[in-house]
Amino acid sequence: MALERTFSILKPDATRRNLTGAVNAIIEGAGLRIVAQKRILMTRAQAETFYGIHAARPFFGELVDFMTSAPVVVQVLEGENAIATYRDVMGATNPANAAEGTIRKTHALSVGENTVHGSDALETAAIEIAQFFAGNEIVG
């Protein structure tokens, strides 16, 4: 097994409902360590850069508006196969299809307000982490 780092966002629907601790408990219960974490109000430029891959899609503006509507919690998670582990813990994008006990099944309100984001690959994780954290902010 490989020790990896992945990037996580607790989205505005989670912070509005004070779910940071509950979500963190699920993350830690899955054997992942939170090695960096901060609560920020994402700027429009940050959101547009972060979700740039979706810029041509019809939901892009709505997604950017949502991600800048309230604070988010950005995190770096570390653990054995952290990317796959966190994706399993998050559950399916649509909470109706998510497995019992996953973050999205337990806490998500809808496909759009689905509580968390997690990186999908090592390369993506590195880019996403670098967008929000300096190396000295990650203490594992």
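The name given to the protein in an unreviewed UniProt entry is Nucleoside diphosphate kinase, with Candidatus Phycosocius spiralis as the source organism. Here the protein is described in UniProt, under the heading Subcellular location (unreviewed entry), as follows: "Cytoplasm". According to the UniProt record, the Cofactor (unreviewed entry) comment for the protein is "Mg(2+)".

The subject of this paragraph is the pattern of salt bridges. Per the counting criterion, the structure on display carries 5 salt bridges. One salt bridge connects Asp 13 with Arg 17, and the closest N-O pair in it is separated by 3.3 Å. A network of salt bridges, in which partner residues are shared, links Arg 5, Arg 33 and Glu 78.

Glancing now at the sheet that holds strand S2 (residues 33–40). Within a beta sheet, neighbouring strands are joined by backbone hydrogen bonds and run either parallel or antiparallel to one another. In space, the 4 strands of this open sheet follow the order S2-S3-S1-S4, with antiparallel pairing throughout. In the strand order of this sheet, the two ends are held by S2 and strand S4 (116–118), each with one partner. With strand direction ignored, the average angle separating the axes of adjacent strands in the sheet is 20°. Sheet analysis places strand S1 (residues 3–10) next to S4, joined by 3 bridges and oriented antiparallel.

The full count for this structure, using the stated rule, is 4 aromatic pairs. Seen from their ring centres, Phe 7 and Phe 50 are 5.7 Å apart, and the 50° between their planes marks the pair as tilted. Highlighted residues: Phe 7 in strand S1 and Phe 50 in helix H3 (residues 44–50), separated in sequence by 43 residues. Both residues of the pair, Phe 7 and Phe 50, count as buried. A ring pair is formed by Phe 7 and Phe 132, whose centres lie 5.5 Å apart and whose planes are at 10°; its orientation type is stacked.

Definitions and limits used
- Residues numbered from 1 in each chain as written.
- Predicted model: local features only at pLDDT ≥ 70, side-chain atom pairs only at ≥ 80, totals over all residues.
- Heavy atoms only, no water.
- UniProt positions renumbered as here; feature names shortened; annotations may be inferred.
- Salt bridge = Lys/Arg side-chain N within 4 Å of Asp/Glu carboxyl O.
- Pairing = 2+ DSSP bridges.
- Helix = DSSP H or I, 4+ residues; strand = E, 2+ residues; numbered from the N terminus.
- Axes fitted to C-alpha atoms, helices over the stretch in contact; angles between N-to-C directions.
- Phe/Tyr/Trp six-rings, centres within 6.5 Å; stacked < 30°, edge-to-face > 60°.
- Buried < 20%, exposed > 50% of the residue type's maximum accessible area, 1.4 Å probe, protein only.

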